[in-house]
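Listed below, chain by chain, are the residues.
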Amino acid sequence: MGFGFGIIGCGMIAKFHARAIADIRGAKLVACFDSFPAAADRLAAETGCRAYHKLDDMLANPDVDVVTIGTPSGAHMEPAVAAARAGKNVIVEKPLEITLSRCDKIIEVCRQNKVKLSAIFPSRFHDSSQEIRRALDEGRFGRLTMGDAYVKWFRPQTYYDGGAWRGTWKLDGGGALMNQAIHSVDLLAWFMGPAVEIRAQTGLIAHERIAVEDTAVATIRYANGALGVIEASTAAYPGYLKRIEIHGSAGSAVMEEEDLVKWDFAKRGRRDASVHEKMQSRKSTGGGASDPAAIGHHGHTLQFRDVLDAITKDRDPAVDGAEGRRSVEIILAIYKAAETGRSVELPLASDPTLKARKLDKTAKGK
Ligand SMILES: NC(=O)c1ccc[n+]([C@@H]2O[C@H](COP(=O)([O-])OP(=O)(O)OC[C@H]3O[C@@H](n4cnc5c(N)ncnc54)[C@H](O)[C@@H]3O)[C@@H](O)[C@H]2O)c1
């Protein structure tokens, strides 16, 4: 069975979507749309697909079975909802959206229209993440004690100045956490299970003309009793590989970008030898530590394949809407905890009101 893809939002990440689609046998990029027509024309010229200048026209194309959405983060909902209503399966870039109510709208409309929805978190599909998930399922960590994420990245001021939507609450939905560290927040939530309490501090320390945080620290208490920290920054020159640490009473694993760098368990496991062997040959992709475009597309390829398999077998994609919403909720709780100086309990009953959102107007000079 062949699948036609359409891309909505033809900027930086769309190129990675196009490469991922090209890598999948039986998948073809047939259409693209951008609210800036020249961007769609450019991607179409590069890939050989058809550029559309009206979203409805693209969605009326019966050859489009799946759309991928790479518009700015706070502009994911409208095209996702339109695509679902047109009967297309929907793959949405991270974050699924920037508020819970906007996430919920996407989830609900996809459910009503019986189309598959997946939120893009390519790191989940990397071997190292799958290896940790398997060890967790086998109970190899014993009692989980700590789950930490360190995302000390760097973005120059030109990164924020170069895109009107970057660093705004309205369209970026936050800074180092909502845009950059969300991949790690998602992995932590997947590995450690639900978070129940957050304390946090955030700051805009080394960048100008943005409204959101460039540095954040948070502590987490998980439902299983374990504790953890999240440290995120886009102001840690030159930018280091992101790290996830999972510790328990019977084992520890540390992942640096896509590579496992620690894999120590009290009891030997049948996969340990192959994991240790893999640890000798690091992939060492930059993972966007200092350059957003220095990422690979193989995680996207694996995730797109999962979605196609989910469509074929009529099952939920591995990262469905509810999974995509989890990291957004944790990050919003961090923002609330930082703003109030109080601990915030999860799950959140609704979107927290954030006074910080008002800062957009002054930051970008509007
Ligand atoms: N998974 C990853 O590793 C990864 C990496 C980078 C970006 N992203 C995500 O991808 C999304 C886009 O980021 P980017 O860096 O490609 O941004 P970008 O600014 O390079 O591209 C966004 C594109 O969307 C278009 N656009 C804006 N509003 C639109 C609308 N309503 N309808 C159609 N097109 C519209 C713009 O004209 C632009 O071409 C963001 O949500 C970001 O968080 C994910």
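Residues numbered from 1 in each chain as written. Predicted model: local features only at pLDDT ≥ 70, side-chain atom pairs only at ≥ 80, totals over all residues. Heavy atoms only, no water.

Q: Could you clarify how one ought to interpret the side chain of Lys88 in this entry?
A: Examined against the element boundaries, Lys88 turns out to sit in the loop between α4 (77-85) and β5 (89-92). Despite its burial, Lys88 remains without a salt bridge, the nearest opposite charge being carried by Asp65 at 6.4 Å. Here Leu59 takes part through its backbone oxygen, which lies 3.4 Å from a polar atom of the side chain of Lys88. Once residues lying within four places of it in the same chain are set aside, the contact partners of Lys88 are Leu59, Asn61, Pro62, Val64, Asp65, Val67, Ala83 and Val115. (Helix = DSSP H or I, 4+ residues; strand = E, 2+ residues; numbered from the N terminus. Buried < 20%, exposed > 50% of the residue type's maximum accessible area, 1.4 Å probe, protein only. Lys, Arg positive; Asp, Glu negative; His and termini not counted. Salt bridge = Lys/Arg side-chain N within 4 Å of Asp/Glu carboxyl O. Polar contact = N/O pair within 3.5 Å; in protein donor to acceptor, adjacent residues only side chain to side chain. Contact = heavy atoms within 4.5 Å.)

Q: Is there a simple way to explain the site of the ligand in this structure?
A: Close contacts around the ligand come from 22 residues, with Ile13, Asp34, Ser73, His76 and Lys94 the closest. In the model, an oxygen atom of the ligand is placed 2.9 Å from a nitrogen or oxygen of the His76 side chain. Its free accessible area being 850 Å², the ligand has 81% of it covered by the protein chains. Each residue belonging to the shell around the ligand can be placed in one class, and the counts come to nine nonpolar, nine polar and four charged. (Near = heavy atom within 4 Å. Areas by Shrake-Rupley, 256 points an atom, 1.4 Å probe, with all protein chains shown as cover. Nonpolar A, V, L, I, M, F, W, Y, C, P; charged D, E, K, R; others polar.)

Q: Honestly, the pattern of salt bridges in this entry has me stumped. Any pointers?
A: Where charged atoms from two side chains of opposite charge approach closely, those side chains can pair. One pass over the full model with this rule turns up 24 salt bridges. The partner of Glu97 in a salt bridge is Arg102, and the shortest N-O contact between them spans 3.0 Å. With respect to class, Glu97 is no different from Arg102; both count as buried. Between Asp127 and Lys278 there is a salt bridge whose closest N-O contact spans 3.9 Å. Of this pair, Asp127 sits in helix α6 (residues 127-137) while Lys278 sits in helix α9 (residues 272-280), and the two are 151 residues apart along the sequence. Of the residues examined, Asp127 reaches a relative accessible area of 44% and is grouped as partly exposed. One connected set of salt bridges, linked through shared partners, spans Arg124, Asp186, Glu323 and Arg326.

Q: What's the story with the packing of aromatic side chains in this structure? I'm lost.
A: Given two aromatic rings, one states the distance between the centres and the angle between the planes to describe the pair. Within the structure shown, the criterion is met by seven aromatic pairs. Clustering of aromatic rings is evident, with ring pairs tying together Phe141, Trp263 and Phe265. One residue, Arg155, lies across the ring of Tyr159, its end atom 5.5 Å from the ring centre. (Phe/Tyr/Trp six-rings, centres within 6.5 Å; stacked < 30°, edge-to-face > 60°. Lys NZ or Arg CZ within 6 Å of the ring centre and 35° of its normal.)

Q: What's the story with the sheet that holds strand β13 (residues 259-265) in this structure? I'm lost.
A: For sheets, the rule is that strands pair by backbone hydrogen bonds, running either parallel or antiparallel. With mixed pairing, the eight strands of this open sheet are ordered in space as β13-β12-β11-β7-β10-β9-β8-β14. Taken across any chain shown, the strands that pair with only one partner, and hence form the sheet edges, are β13 and β14 (344-345). Sheet strands touched by helix α11 (residues 321-340): β8 (195-203), β9 (215-222), β10 (227-233) and β14. Its angle to β8, the strand with the most contacts, is close to 60°. (Pairing = 2+ DSSP bridges. Axes fitted to C-alpha atoms, helices over the stretch in contact; angles between N-to-C directions.)

Q: Explain the environment of Ile246 here, please?
A: Along the chain, Ile246 turns up in strand β11 (residues 243-248). The class of Ile246 is buried, set by a relative accessible area of 0%. Separated by 139 residues in the primary sequence, Ile246 and Ile107 have C-alpha atoms spaced 30 Å apart. Look past the residues within four positions of Ile246 in its chain and what remains in contact with it is Ile132, Leu136, Phe141, Leu144, Met146, Gly147, Leu188, Phe191, Met192, Gly251, Ser252 and Ala253.

Q: Can you help me understand the packing of helix α8 (residues 176-192) against α11 in this one?
A: Working note: a packed helix pair is described by the angle between its axes plus the distance between those axes. One can describe the packing of α8 onto α11 by two numbers: an axis separation of 9 Å at closest approach and a directional angle of 115°. Relative to α11, α8 is oriented so that their crossing is right-handed. Contacts between α8 and α11 involve Leu177, Met178, Ile182, Val185, Asp186, Ala189 and Trp190 on the former and, on the latter, Glu323, Arg326, Ser327, Val328, Ile330, Ile331, Leu332, Ile334 and Tyr335. Here the contact of α8 with α11 is composed, by residue class, of 12 nonpolar, one polar and three charged. (Left-handed = near helix turned anticlockwise from the far one by under 90°.)

Q: Please clarify how the sheet that holds strand β4 (residues 66-69) should be interpreted in this entry.
A: Taken in spatial order, the six strands of this open sheet run β3-β2-β1-β4-β5-β6, and their pairing is parallel. With one partner strand each, in any of the chains shown, β3 (50-52) and β6 (117-119) form the two edges of the open sheet. For this sheet, the mean inter-axis angle between neighbouring strands, taken without regard to orientation, is 25°. Two strands pair when backbone bridges link them, and strand β2 (residues 27-33) and β3 are joined in this way by three bridges, in the parallel orientation. Bridge pairing links Phe33 to Tyr52 in β3.

Q: So what exactly am I meant to see when it comes to the nonpolar core here?
A: Where a protein is soluble and globular, its nonpolar side chains tend to be buried together. Ranked by internal contacts, the top residues of the largest apolar core, which has 90 residues, are Val90, Ile132, Phe191, Ile198 and Ile246. In terms of residue count, α8 provides more of this core than any other element does, 12 residues in total. Apart from the residues within four sequence positions on either side, Val90 is in contact with Val67, Ile69, Ala80, Ala83, Ala84, Cys110, Lys116, Leu117 and Ser118. Grouped together as the second largest cluster of nonpolar side chains are 24 residues, Phe3, Phe5, Ala18 and Leu43 included. (Core = buried A, V, L, I, M, F, W, Y, C linked by side-chain atoms within 4.5 Å.)

Q: Looking at this structure, I do not really get α6. What am I missing?
A: Two residues of an α-helix separated by three or four positions point the same way, owing to the 3.6 residues in each turn. Listing the buried residues of α6 in full gives Ser128, Ser129, Glu131, Ile132, Arg133, Ala135 and Leu136. The inward-facing, buried residues of α6 contact β7 (144-152), α8, β11, β12 (251-256), β13 and α9.

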